[in-house]
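Single-letter residue listing:
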Amino acid sequence: MPEIGLHNLSPAPGSQRPRKRIGRGVGSGFGKTSGRGQKGQKARSGSHMMRAGFEGGQNPLYMRTGKLRGSFMKKSMPVGPFRTSNEIVNITDLAERFPAGAEVTPATLVAVGLLKNTKEPVKVLGRGEISHALTISVHAVSASAREKIEGAGGTITLIGDSDG
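Predicted model, so just to flag it, every value in this text is computed and none were measured. Here, residues in each chain are numbered from 1, in the same order as that chain's written sequence. Two thresholds apply to this predicted model, a pLDDT of at least 70 for residue-level local features and 80 or more for giving and counting side-chain atom pairs, whereas whole-chain, interface and lining totals are computed over all residues. By convention in this description, side-chain values take in all heavy atoms of the structure and omit both hydrogens and water.

(A) Geometry of the overall build of the protein. Segments assigned H or I by DSSP are reported as helices when at least four residues long, segments assigned E as strands when at least two residues long, and all are numbered from the N terminus. Counting its secondary structure elements, the protein contains four helices and six strands. Scanning the protein from its N terminus toward the C terminus, one meets helices and strands in the order α-β-α-β-α-β-β-β-α-β. When checking whether two residues touch, look at their non-hydrogen atoms; a contact exists if any pair is within 4.5 Å. Contacts spanning at least 24 positions in sequence make up 36% of the contacts within the protein whose residues lie at least 6 apart. Here the Shrake-Rupley method, with its probe set to 1.4 Å, supplies the accessible areas, and only the displayed protein chains count as covering residues. Here the protein has roughly 12400 Å² of accessible surface; of this, 54% comes from carbon and sulfur atoms.

And the structure:
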């Protein structure tokens, strides 16, 4: 077997086809209009460089539809500064990972592996049951979660003034 090097590499047989030679006469099959058909936008030069969402000059969909504005409206378009999100933690997870009397903060949630980082606000939801008291400091708590945590003897303090 010959030695393989840059000097003797070649494409696999049949993997390359000759380029389409357009505009070379009627007999070639791609003469005159060069495979672009008759007239129209796609027959013109530079016609295949339209921006995303361009509809041929027709008013595009993103401009035809109404937009609800406002930073925290539920129906607002979730774009840019209006995008809101919370990291969700359920009571079941807290009951499994933290012993009685433990302090729960976003940093300790990252430490036990319930969150990846502390960039997003944290909200505790009420799925599951808890039987021991915890001291919880998060950005938001649902009403059912608050009821269950305080019913088990725990305390809740909210961080900042984030909407829950």
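Next comes the rest of the write-up.
(B) Representation of the sheet that holds strand S2 (residues 103-104) within the structure. Spatially, three strands are ordered S2-S4-S6 in an open sheet, and the strand pairing comes out parallel. With partners counted over all chains shown, the strands left at the sheet margins are S2 and strand S6 (155-158), one partner each. Criterion used throughout: strands pair if DSSP finds at least two bridges between them. Looking at chain direction, S2 and strand S4 (residues 135-138) are connected through two bridges and run parallel. Looking at S4, one finds that Val104 is bridged to Ile136. Note on geometry: axes are C-alpha line fits, over the in-contact stretch for helices, and angles between N-to-C directions span 0 to 180 degrees. Each of S4 and S6 is contacted by helix H4 (residues 143-151), which is oriented at about 135° to S6, the strand it contacts most.

(C) Expanded view of the pairing of strand S3 (residues 122-125). Of the strand pairs in this sheet, strand S1 (residues 87-90) and S3 are connected by four bridges, and their pairing is parallel. When the bridges of S3 are listed, Val89 appears paired with Val124. Both S3 and strand S5 (residues 140-141) contribute to a ladder of two bridges, which runs parallel. Each bridged residue has a counterpart across the sheet, and for Val124 the counterpart in S5 is Val141.

(D) Here's a closer look at a nonpolar patch on the surface. Here a patch means residues that are over 30% exposed by relative accessible area and free of salt bridges, tied together within 9 Å if like-charged and within 5 Å if nonpolar (Val, Leu, Ile, Met, Phe, Trp, Tyr). Salt bridges are defined by distance alone: a side-chain nitrogen of Lys or Arg within 4 Å of a carboxyl oxygen of Asp or Glu. Judged by side-chain polarity, Met1, Ile4, Leu6 and Leu9 come together as a nonpolar surface patch covering roughly 610 Å² of accessible area. By the element assignment, Leu6 lies in the segment before helix H1 (61-64).

(E) Structural view of the sheet that holds S1. On the basis of which strands lie adjacent, the open sheet formed by three strands has the order S1-S3-S5 and parallel pairing. Here the strands that pair on one side only, and so sit at the sheet edges, are S1 and S5.

(F) Representation of the nonpolar core. Residue types Ala, Val, Leu, Ile, Met, Phe, Trp, Tyr and Cys, when buried and joined through side-chain atoms within 4.5 Å, form a set referred to as a nonpolar core. Only protein chains enter the accessibility calculation, which uses a 1.4 Å probe; a residue is then buried when its area is under 20% of its type maximum, exposed when over 50%, and partly exposed in between. With 19 residues, the main nonpolar core has Leu94, Phe98, Val104, Leu109, Val124, Leu134 and Ile136 as its most contacted residues. Where this core is concerned, the elements lending two or more residues are helix H2 (91-97), S3, S4 and H4. Beyond its immediate sequence surroundings of up to four residues, Leu94 is in contact with Val89, Val104, Leu109, Leu114, Val124, Leu134 and Ile136.

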